[in-house]
Each structure stands twice: as C-alpha cells, then as structure tokens.
Amino acid sequence: MPDVNFYIIGKVKTRYMPKKLPSNLQMMGYVDNLEEWYKKARVYCQFSRYESFGLSVIEAMNYGCIPVVFNAGALPEIVGEYGIISNSEDSLDKDIYNALSMKQKPGLVDWLSQFDNKHREKKIIEVIENL
Amino acid sequence: MSHTKKMKVNFFHAGLAGGGGISSHLLEKNLLLHNVEITSKKPDLIHGYGNPTIPIVASLAKKTGIPSVVTLNGVIYSKSLGNYTPINKVPKYIRNQYMLQKMNRYIDCFTTLCNYYRNQWINDGLIKPVTIIPNMIDSEFNAPRKKNKPSNIPFLYVGEKSYWRDLETLKKAYTVIKITDTSRQPN
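A quick note: this is a predicted structure, and the numbers were derived from the prediction, not measured.

Draft legend 1. Quick look at the overall build of chain B. The helix and strand inventory of chain B stands at five helices and seven strands. Along its sequence from the N terminus, chain B presents helices and strands in the succession β-α-β-α-β-β-β-α-β-α-β-α. For chain B, with 187 residues in total, the buried portion stands at 26%. Within chain B, contacts between residues at least 6 apart in sequence are counted, and of these 56% link residues at least 24 apart.

What follows is the structure in structure tokens.
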C-alpha cells in the first residue's frame, strides 16, 4: 500500500522488523503527544493475535479513528460495528482501504460509554453487593 | 454484602510481583506474605487480579471464609508451557487440574474483561458467577498534558517488579547517575 502512510508508535523489538523499511512506514518510538497522533490518524490498526482487551483501540476510537483489528480475543467485542474485523492477513490491504473510505457510524459515543470509568465503577459495586 | 455505598469496605488485593507470569517459588513466597497480612488486617473482601492469583485467593478464602473475587485475565501460569501463556493456548486439562476445582469450591465470584474469556472459562466448567467488567478509558485522557512539569523526583520507575523488566540494570544506572539533591539519594 505505497499510497498510504503508516506510523508505528511505541517500542518495537528490532527482530520483528525488516532490515529495510518501506518509505511509507515511519517508526516513531515513544511519543509524548499521543493524543495528537490519534487526532491526525484516520485509521488505527491493531493486529494482535491475542488480546485480552485492547485499551488503545478504545482510545483511538475515542478520537474518531476507524479501527482495523484481527479477529482475536476481545477485539471484535470492543470494536463492534464501528470498525473492521480482519479475518486474514491476506485481506489486510483491502480492509485498510475500506476503513479509509468508511464514515463514522452514528452511535459511537453511546457505544464508547460502556468503556468509561462510571460504568466500570457501577459494575464493580454490583459485584461486591452481590457477594 | 449489602449497603456497599454507605459502608467502608476493607479490600485485600492479592497483587503479585510479576503480574501474569509467576514462578512456583514466588507463589509460595507471596502466599506466606499474604497469610501474615490477612491475619493482621482482617479485610472484608479479598480480590485477586489475574489468573496466577487464583491459588492464593482460593487458599486464603478457604482458610478465612472472607468473600473473594478474582478478575480473570487471559494469562495463566503453566510449567510445561512457559510462564506467560495466553489462556486459549493452554490445554484444557491444565486449566482443570490447577484451577477449576479451587475456583468452583472456594472463590465466590469472578470478573473478566470480555465475553470471549468468560465463555472460555464457562465452557471449561466454571460454575461460579462471572461478570464482564471492561477496562475503561482514562477520563483525563482528552485533557492536554502538562508540559515541562517541574519535578523534584530524581528517579521514578512505575511498573512491575518482574525479572524481565530488568530492574537490576535500572539499579546499576541509579548508582552512576549524578544526583544533585543529596537528600534524595537511594539508600
């Protein structure tokens, strides 16, 4: 996908990276202004093969990014209908292009409210009260 | 445990050095420490975070009769498969052997981050209540971060004390860095 710019934020072990990076991929390392990157990006990709939750996906969605994730662990549950669930490495380019042309669906704010601290607090109190 | 909002509840959190992966040696050490603490502090509730806390919480709940909750996160300790293994990669017989009997017998209820893991445990034979409580977004996340925050803390590490975090190197670094505020030098 040479027409799309990719940025990887965070530390990546060098053994997982090719020796020569394509010109449209930039490794940014750790950044102080993560919010700005979320604001700039149109699509957020997380291709974990195993994920017990995926908080950064929620953060990206909170900033309006369309998420593209693998069908693994909790990822399909947190993305819902507001992003693209990829079932295969072979379809990733198509899925990312689809995400780039996808418009934000209404109801995202309500969807994300299940991942806020008030909701979590309420659920924790329920668990304790039922003991 | 009713009227939780009005009464003060003393929690005992069975946190483990090492988070998800923990050796049997550390497990025994933590269990001893927790036994001492729980006898003196007498909490109203025992909470364990992560699958490796299950044996500790089960043991303490059995011994004391204090209500217990464990948050099941998707890693498990397994000698044969390495310290830090996604739970869906662990053979079912290992989960049954090490965990399920104690879970069903001694721990009152469980929470998970998502339905995927809740279903896995239930399919394996967990019969106790499992409530899904997702992680949350930091409500302050949208706020602009404070820049150039003055700090009088010369050295701060936030994180696990796991061996793979290599705190030994951090400690070595501490000894060679010039610290101007002598009152804050390490012991």
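Additional details are given in the paragraphs that follow.
Draft legend 2. Structural context of the overall build of chain A. When its secondary structure is counted, chain A shows six helices and five strands. Counting from the amino terminus, helix and strand elements in chain A follow one another as β-β-α-β-α-β-α-β-α-α-α. Burial statistics for chain A: of 131 residues in total, 23% are counted as buried. Considering only contacts within chain A whose residues lie at least 6 apart along the sequence, 32% involve residues at least 24 apart.

Draft legend 3. How the structure looks around the sheet that holds strand 4 (residues 66-70) of chain A. Residues and elements named next belong to chain A. Strands sit in the order 3-4-5 across an open sheet of three strands; the sheet is parallel. The open sheet terminates on both sides in strands that have one partner only, identified here as strand 3 (43-46) and strand 5 (84-86). Ignoring which end each strand starts from, the neighbouring axes of this sheet average 20 degrees apart. Relative to strand 4, strand 3 is paired through four bridges, and the arrangement is parallel. Bridging across to strand 4, Val-43 finds its partner in Ile-66. Along the sheet, helix 4 (residues 92-101) makes contact with strand 3, strand 4 and strand 5, crossing strand 5 at roughly 175 degrees.

Draft legend 4. Quick look at the interface of chain B and chain A. Contacts between the two partners involve 27 residues from chain B and, on the opposite side, 22 residues from chain A. Of all elements in the fold, only strand 6 (109-112) and helix 4 (115-124) of chain B reach the threshold of two or more residues within the side of chain B that touches chain A. Among the residues making up the side of chain B that touches chain A, the classes are represented as 16 nonpolar, nine polar and two charged.

Draft legend 5. Local environment of the pairing of strand 3 (residues 68-72) of chain B. Residue and element names in this part refer to chain B. Most of strand 3 sits out of view: four of its five residues are buried. Relative to strand 3, strand 2 (residues 45-49) runs parallel, the two sharing four bridges. Residue pairing in the sheet places Tyr-49 in a bridge with Thr-71 of strand 3. Taken together, strand 2, helix 2 (residues 54-64) and strand 3 form a β-α-β motif whose crossover is right-handed.

Draft legend 6. Molecular detail of the nonpolar core. Counting residues in each nonpolar core, the largest one holds 40 residues, and the members touching the most others are Val57(A), Ala74(A), Leu75(A), Val57(B), Val70(B) and Ile107(B). For this core, the element with the most residues is helix 2 of chain B, which contributes six residues. The residues contacting Ala74(A), other than those within four sequence positions of it, are Glu51(A), Ser52(A), Phe53(A), Gly54(A), Leu113(B), Cys114(B) and Tyr116(B).

What counts as what
- Residues numbered from 1 in each chain as written.
- Chains lettered and ligands numbered in written order.
- Predicted model: local features only at pLDDT ≥ 70, side-chain atom pairs only at ≥ 80, totals over all residues.
- Helix = DSSP H or I, 4+ residues; strand = E, 2+ residues; numbered from the N terminus.
- Buried ≥ 20, exposed ≤ 12 C-beta atoms within 10 Å, placed from the backbone.
- Contact = placed C-beta atoms within 7 Å.
- Pairing = 2+ DSSP bridges.
- Axes fitted to C-alpha atoms, helices over the stretch in contact; angles between N-to-C directions.
- Nonpolar A, V, L, I, M, F, W, Y, C, P; charged D, E, K, R; others polar.
- Right-handed = clockwise from strand over helix to strand, strands pointing away.
- Core = buried A, V, L, I, M, F, W, Y, C linked by C-beta atoms within 7 Å.

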